Amino acid sequence: MTGLAYERLHENLKTLGMDRISQLLDGHLERAGKENLSMLEVLDHLIQEEVEAKSQNSMNFRTRLAKFPYKKTLEEFDFSFQPSIDKKTINGLATLKFIYNAENAVFLGPPGVGKTHLAIALGLITIKAGLMVYFTTAADLIEDLREHAKLGLLKQRIGKLGRHKLLIIDEIGYLPMSREDANLLFQLVSRRYEKATMILTSNKPFKEWGGVFADEVVAAAIIDRLLHHATVVNIKGDSYRVKDRRRTGLLRSEASEDQVK
Ligand code: ADP
Ligand code: MG
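Residues numbered from 1 in each chain as written. Chains lettered and ligands numbered in written order. Predicted model: local features only at pLDDT ≥ 70, side-chain atom pairs only at ≥ 80, totals over all residues. Heavy atoms only, no water.

**Re the sheet that holds strand 2 (residues 133-137)**
Here is step 1 of the chain: Pairing is parallel in the open sheet, where five strands are placed in the order 2-3-4-1-5. This sheet does not close on itself; its edge strands, each paired only once, are strand 2 and strand 5 (230-234). Averaged over all neighbouring strand pairs, the angle between strand axes comes to 10 degrees, with direction disregarded. (Pairing = 2+ DSSP bridges. Helix = DSSP H or I, 4+ residues; strand = E, 2+ residues; numbered from the N terminus. Axes fitted to C-alpha atoms, helices over the stretch in contact; angles between N-to-C directions.)

Shown next as structure tokens:
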């Protein structure tokens with residue numbers, strides 16, 4: 001290849017944003033000469049690599065946009081520790097059928113039983129499938145909606161959140177909401193109803209949501225839309241954090257016994 005064509009090729013790859021091909025080109029050209037590879041083989045390899053790099057980049061980008069507080073996968077979840085969770089239900093959710101059908105999922109249970117872990121794990125699967133996800137706590141979401149409402153931009157904000165095929169609202173019920181806050185949440189839930197999925201987590205059973213939302217009527221309206229098409233996972237069990245503490249406690253007592261001996 002002449003120097004001019006070579007330079008132009010790199011320039012054009014840069015213009016097209018095909019960085020991976022640009023990186024691999026020299027090696028591939030050399031290999032093609034040595035191993036007598038056909039043009040089809042070289043092109044196939046290079047373009048396959050570019051597609052993979054692009055999809056990895058966009059996955060990383062969507063993962064950053066999702067704002068997960070931590071990253072945990074379904075593989076990291078120990079189902080044997082939490083027998084009240086039906087693994088089949090979670091595996092069913094992991095097929096993402098509920099997302100494609102714009103249905104919801106709610107994880108209920110005391111602190112530390114894995115509600116946020118499962119929500120994040122499903123979020124990561126959704127991102128892998130090429131969809132947009134956004135994670136927020138109920139408290140942060142309310143503050144966000146309140147600020148936009150103050151500026152008269154509530155509709156726009158809720159519309160923008162609609163770009164995320166999955167919205168995870170964590171920790172409903174940890175902090176009580178005012179009636180106005182509950183109303184903001186109701187507007188969001190109504191807009192997403194039958195259009196886009198939400199995963200909610202809460203330490204409070206539905207019957208206590210009236211207290212959380214400061215208004216039984218708004219609570220009922222939210223629950224009604226939320227649960228019309230939803231999978232509810234009720235987790236009853238010990239906190240995994242306590243299990244970890246117990247284990248380290250045990251190790252410590254074993255260690256001190258060792259020291260005594
Ligand atoms: P919560 O129900 O309060 O949202 P989390 O999902 O945040 O609890 O879980 C607390 C911690 O314990 C996290 O680090 C999470 O990854 C871990 N954890 C909880 N349950 C399990 C489990 N069954 N297997 C593995 N890790 C778990
Ligand atoms: Mg949590």
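Picking up where we left off.
**Quick look at the packing of helix 4 (residues 87-94) against helix 6 (residues 115-128)**
Here is step 1 of the chain: Between helix 4 and helix 6, whose axes approach to 10 Å, the crossing angle comes to 35 degrees. Counting all contacts with helix 4, which are made through I90, L93 and A94, the residues of helix 6 involved are L118, L122 and I125.
Here is step 2 of the chain: Split by residue class, the contact of helix 4 with helix 6 holds six nonpolar, no polar and no charged. (Contact = heavy atoms within 4.5 Å. Nonpolar A, V, L, I, M, F, W, Y, C, P; charged D, E, K, R; others polar.)

**Describing the domain arrangement of the protein chain**
Here is step 1 of the chain: Considered domain by domain, the protein chain is made up of domain 1 (3-63) and domain 2 (74-243).
Here is step 2 of the chain: Relative to domain 2, the C-alpha centre of domain 1 lies at a distance of 42 Å. (Domains from an automatic or database assignment.)

**Brief notes about the pairing of strand 2**
Here is step 1 of the chain: For strand 2, the tally of buried residues reaches five of five residues, placing the bulk of the element in the interior.
Here is step 2 of the chain: Residues V133, F135 and T137 of strand 2 are buried on one face, and the alternating residues Y134 and T136, pointing to the opposite face, are buried as well.
Here is step 3 of the chain: In this sheet, strand 3 (residues 166-172) lies alongside strand 2 in parallel orientation, the contact comprising five bridges. The residue of strand 3 that forms the bridge with T137 is D170. (Buried < 20%, exposed > 50% of the residue type's maximum accessible area, 1.4 Å probe, protein only.)

**Topic: the site of ligand 1**
Here is step 1 of the chain: Inspection of the region around ligand 1 gives 15 residues, with K72, D78, G112, T116 and H117 positioned closest.
Here is step 2 of the chain: In the model, an oxygen atom of ligand 1 is placed 2.7 Å from a nitrogen or oxygen of the G112 main chain.
Here is step 3 of the chain: In this structure, H117 approaches ligand 1 through a side-chain N or O atom, which is 2.6 Å from an oxygen atom.
Here is step 4 of the chain: The protein chains hide 89% of the 560 Å² of surface that ligand 1 would expose on its own.
Here is step 5 of the chain: Secondary structure elements with two or more residues in the shell around ligand 1: helix 6 and helix 12 (240-260).
Here is step 6 of the chain: Top element by residues in the shell around ligand 1 is helix 6. It accounts for three residues.
Here is step 7 of the chain: In the shell around ligand 1, the residues fall into six nonpolar, four polar and five charged. (Near = heavy atom within 4 Å. Polar contact = N/O pair within 3.5 Å; in protein donor to acceptor, adjacent residues only side chain to side chain. Areas by Shrake-Rupley, 256 points an atom, 1.4 Å probe, with all protein chains shown as cover.)

**Things to note about the pattern of salt bridges**
Between side chains of opposite charge, a pair can form as their charged atoms come close.
Here is step 1 of the chain: All chains considered together, the criterion is met by seven salt bridges.
Here is step 2 of the chain: In this structure, E49 engages R20 in a salt bridge whose closest nitrogen and oxygen atoms are separated by 3.4 Å. Pair noted here: E49 is in helix 3 (residues 39-66) and R20 is in helix 2 (residues 19-35), with a separation of 29 residues, a long-range link.
Here is step 3 of the chain: On the accessibility criterion, E49 (28% relative accessible area) is partly exposed. (Salt bridge = Lys/Arg side-chain N within 4 Å of Asp/Glu carboxyl O.)

**Things to note about the environment of M132**
Here is step 1 of the chain: With respect to the element layout, M132 can be found in the loop between helix 6 and strand 2.
Here is step 2 of the chain: Excluding residues that lie within four positions of it along the chain, M132 makes contacts with R62, L65, R163, H164, K165 and L166.

**Quick notes on the packing of helix 9 (residues 179-192) against helix 11 (residues 216-228)**
Here is step 1 of the chain: It is at 10 Å that the axes of helix 9 and helix 11 come closest, and there the two elements cross at 20 degrees. By the angle class used here, helix 9 and helix 11 are roughly parallel. For the element pair helix 9 and helix 11, the recorded crossing hand is left-handed. Across from A182, N183, L185, F186, V189 and S190 in helix 9, the residues of helix 11 making contact are V218, A221, I222, R225 and L226. (Parallel < 35°, antiparallel > 145°, perpendicular 65-115°, else oblique. Left-handed = near helix turned anticlockwise from the far one by under 90°.)

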